[in-house]
Amino acid sequence: MAHVMAAGSKVTSRLDGLSADVVQCVLAAAHALEGGRADHAQQALSGALAARPDHPEVQRLHAGILNLRGDHARALQSMRSALAQRPGDALYHNTFATILADAGNLDGAIAALRRACELQPDLAAAWYNLGILLTRCVRYAESADALRRAVALSPHHLQARAQLADLLRMSDRSDEAIVEYRKVLAERPWTGIAWWGLADIKSVAMNERDSVEIRAALADSRATEDDRIAMGFALAKVLDDLGRYGESLDALAQANAIARSRKTWDASAFDDAVEAIRNAFVPAPVGSRSGLGGELIFVVGQPRSGTTLAEQILASHSRVEGAGELTDLPSVIAEESRRRNAGFPHWVDAMRSDDWERLGHRYLQRTAYWRQGRAVSVDKLPNNWLYIAAIRAMLPQARIVVCRRDALETCLSCYRQYLAGNDYTRTFTDLAAYWRAFDRSVRGMLEQHPTHVHEHDYEALLADPEARIRALLSFCALPFEEACVNFHQTHRTVGSPSAMQVRQPLRRDTARAPRYGALLDPLRIELGRPRFGEPVA
């Protein structure tokens, strides 16, 4: 999302009360932060923080730096202080929204952006950010409207144009999307998200010329770190297509290193968080007694493990609506955390049956749109595996499908995919740690809730599609329909990276790890597997 750290007609007034030296510090910090360089921004702002820590523009920039480093709590504190001093400044609401979104409060972020657009209807950055968040919330029509407003206000807002191309791709209009991506790149060759959007269309065979153009764009001083990350993933895709697997891994390592330098992932802290959730639900709390959730299916799992495919199969059924990657469950959990002034799962012990029922009703209220035309809706947000026990308490009749795929293939696919916000995908060590935490957690859920949690194995599906699809439908209490086997013929908007694959029949040659051979031995070792070519113990 765009912060727009120093732009617009109010720049001068935002700097009122600052000395010339401090103004230079602020402008330098804003420039560095706009490029995603948190360390440079912090260094540039240090003098201003020492001289004027209470100034709203200094606080706003400091909030942006803290947010980029993942310190959302302090970022929000600093930004609220800045906003209290300039409540009528649209740009401050825009920055506030960015921080709220990164902290997981998407509802609050959307409200802040709508306020920014009301205060300054010509602020293209706010319309662009609103479009991005509405896309994340699976509100595609509203997103397209907001992005078009951004482009109308700023015809050269190429990121907004690239995002509109993404919406075309999601809607199975890939030919139109390709044309739009190429137009953007013709005007601004270093637009990273356009290169990645193009690379992520599986039907596009990229070539040596593309690799040369991406390398030139990577060297362009006008490219931001966000551009370089996205272009690195696109370059890796091209090199993979060309069979140059070692070079592809090198490009991925460089792109992931840039992303990791901005925000690291703490495996130990994540393990502690997963364990805290497990402990909070042992023994299982007395949940909702009203039998809520019979009209719901949750599809969870690691990214790139077949969750989109499972949803597509289910959404091909005449009784089922595939809603996509809804953010409503985490939002309901976050609402309760704010209400109780404690993070999840620390308030679980205080919950009573009526409380869980209240949360269940809140989720049903938020997602009612997806059941207007069909009786059953699928919520396919992969990371909801963290909330399986909470789902069981809130919505005891809901069915939860856990998708699994070979660990090596899953981790490699995550490493190769431009997955913004999934910071554990940057190194093989972190990927393996995340997989182990996921594995332990879902195994426990499968044991504790065998009648409402079902394992859907990707490799087993490839080996015997109809049998596995019948088992999936049976678990979901749905009669078999042939359309579910012919899922690739179902036309619907799909917003995940697997949008193109689920529009094609099943293929049995999707394993990529063998192509990389011994190059993936570091990942095999992290996963506790033998090296390439060695027998399995």
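Notes on the structure in this doc start here. (Residues numbered from 1 in each chain as written. Predicted model: local features only at pLDDT ≥ 70, side-chain atom pairs only at ≥ 80, totals over all residues. Heavy atoms only, no water.)

Before going further, it helps to spend a moment on the overall build of the chain. Regarding its fold elements, the chain presents 27 helices and five strands. With the principal axes as the frame, the chain shows a C-alpha extent of 70 × 60 × 45 Å. Considering only contacts within the chain whose residues lie at least 6 apart along the sequence, 69% involve residues at least 24 apart. Here the chain has roughly 22200 Å² of accessible surface; of this, 51% comes from carbon and sulfur atoms. Put simply, the chain has 65 plus and 65 minus side-chain charges, and the middle of one group is 2 Å from the middle of the other. (Helix = DSSP H or I, 4+ residues; strand = E, 2+ residues; numbered from the N terminus. Contact = heavy atoms within 4.5 Å. Areas by Shrake-Rupley, 256 points an atom, 1.4 Å probe, with all protein chains shown as cover. Lys, Arg positive; Asp, Glu negative; His and termini not counted. Charge placed at Lys NZ, Arg CZ, Asp CG, Glu CD.)

So, on to helix α17 (residues 307–315). Taken across its nine residues, α17 has nine buried, putting it largely inside the fold. Within α17, burial applies to T307, T308, L309, A310, E311, Q312, I313, L314 and A315. (Buried < 20%, exposed > 50% of the residue type's maximum accessible area, 1.4 Å probe, protein only.)

Another point: unusual backbone geometry. For the peptide bond that leads from V282 to P283, omega is -5°, which places it in the cis range. Mapping P283 onto the fold places it in the loop between α16 (267–280) and β1 (296–301). Each neighbour pair has its own omega, and for F344 with P345 the value is 10°, a cis peptide bond. Even without glycine at this site, V138 takes up a positive phi of about 60°. In this fold, V138 is placed in the loop between α8 (124–136) and α9 (140–153). Here N341, not a glycine, exhibits a phi torsion of approximately 55°, which is positive. Along the chain, the position of N341 falls in the loop between α18 (328–340) and α19 (353–366).

Note that soluble globular proteins tend to have their nonpolar side chains buried in a common cluster. By size, the foremost hydrophobic cluster in this structure holds 98 residues, and its most contacted members are F298, W356 and W385. Not counting chain neighbours up to four residues away, the residues in contact with W356 comprise F281, P285, V286, G287, S288, W347, V348, M351, A390, A393 and M394. Core analysis: the next-biggest nonpolar cluster, separate from the first, contains 39 residues, L106, A112, V151 and L164 among them. (Core = buried A, V, L, I, M, F, W, Y, C linked by side-chain atoms within 4.5 Å.)

Counted according to the given criterion, the structure contains 20 aromatic pairs. Ring centres of W385 and F438 lie 5.4 Å apart, and the angle between their planes is 85°; on these two criteria the pair is classed as edge-to-face. Here F438 lies in helix α22 (residues 428–448) and W385 lies in the loop between β3 (376–379) and α20 (388–394), a separation of 53 residues in the sequence. Feature note: the residues W265, F270, W385, Y424, Y434 and F438 constitute an aromatic cluster, connected by ring pairs. The ring of F480 is capped by R470, whose NZ or CZ atom sits 3.7 Å from the centre of that ring. (Phe/Tyr/Trp six-rings, centres within 6.5 Å; stacked < 30°, edge-to-face > 60°. Lys NZ or Arg CZ within 6 Å of the ring centre and 35° of its normal.)

Attention shifts here to the environment of F480. Among the structural elements, F480 can be located in the loop between α24 (465–475) and α25 (482–485). Take F480: its relative accessible area is 27%, and that puts it in the partly exposed class. Sequence separation of F480 and R470 is ten residues, and the distance between their C-alpha atoms is 6.3 Å.

On to the packing of α9 against helix α10 (residues 158–170), then. Close contact between α9 and α10 brings their axes to 9 Å; oriented N to C, the two are set at 150°. Taken together, the axis directions place α9 and α10 in an arrangement best described as roughly antiparallel. The handedness of the crossing between α9 and α10 is left-handed. Residues Y140, S143, A144, L147, R148, A150 and V151 of α9 form the contact with α10, whose participating residues are A160, R161, Q163, L164, L167 and M170. Looking at side-chain class alone, the contact of α9 with α10 contains nine nonpolar, two polar and two charged residues. (Axes fitted to C-alpha atoms, helices over the stretch in contact; angles between N-to-C directions. Parallel < 35°, antiparallel > 145°, perpendicular 65-115°, else oblique. Left-handed = near helix turned anticlockwise from the far one by under 90°. Nonpolar A, V, L, I, M, F, W, Y, C, P; charged D, E, K, R; others polar.)

Here we take up the pattern of salt bridges. Within the structure shown, the criterion is met by 48 salt bridges. In this structure, the salt-bridge partner of R14 is D89, at a minimum N-O distance of 2.8 Å. Residue R14 is located in helix α1 (residues 11–14), and its partner D89 is located in the loop between α5 (72–85) and α6 (90–102); the two are separated by 75 residues in the primary sequence. The exposure classification of R14 matches that of D89, with both residues buried. Close ionic contact of R52 with D54 constitutes a salt bridge, the shortest N to O distance being 3.4 Å. What makes R52 partly exposed here is its relative accessible area of 27%. (Salt bridge = Lys/Arg side-chain N within 4 Å of Asp/Glu carboxyl O.)

The next point concerns the sheet that holds strand β4 (residues 399–404). One open sheet accounts for five strands, arranged β2-β3-β1-β4-β5; its pairing is parallel. Edge positions in the sheet fall to β2 (320–324) and β5 (453–457), since each of these pairs with one other strand and no more. The sheet shows a mean angle of 25° between the axes of neighbouring strands, taken without regard to direction. Across four bridges, the pairing between β2 and β3 is parallel. Bridge pairing links V320 to V376 in β3. Along the sheet, α22 makes contact with β1, β4 and β5, crossing β4 at roughly 140°. (Pairing = 2+ DSSP bridges.)

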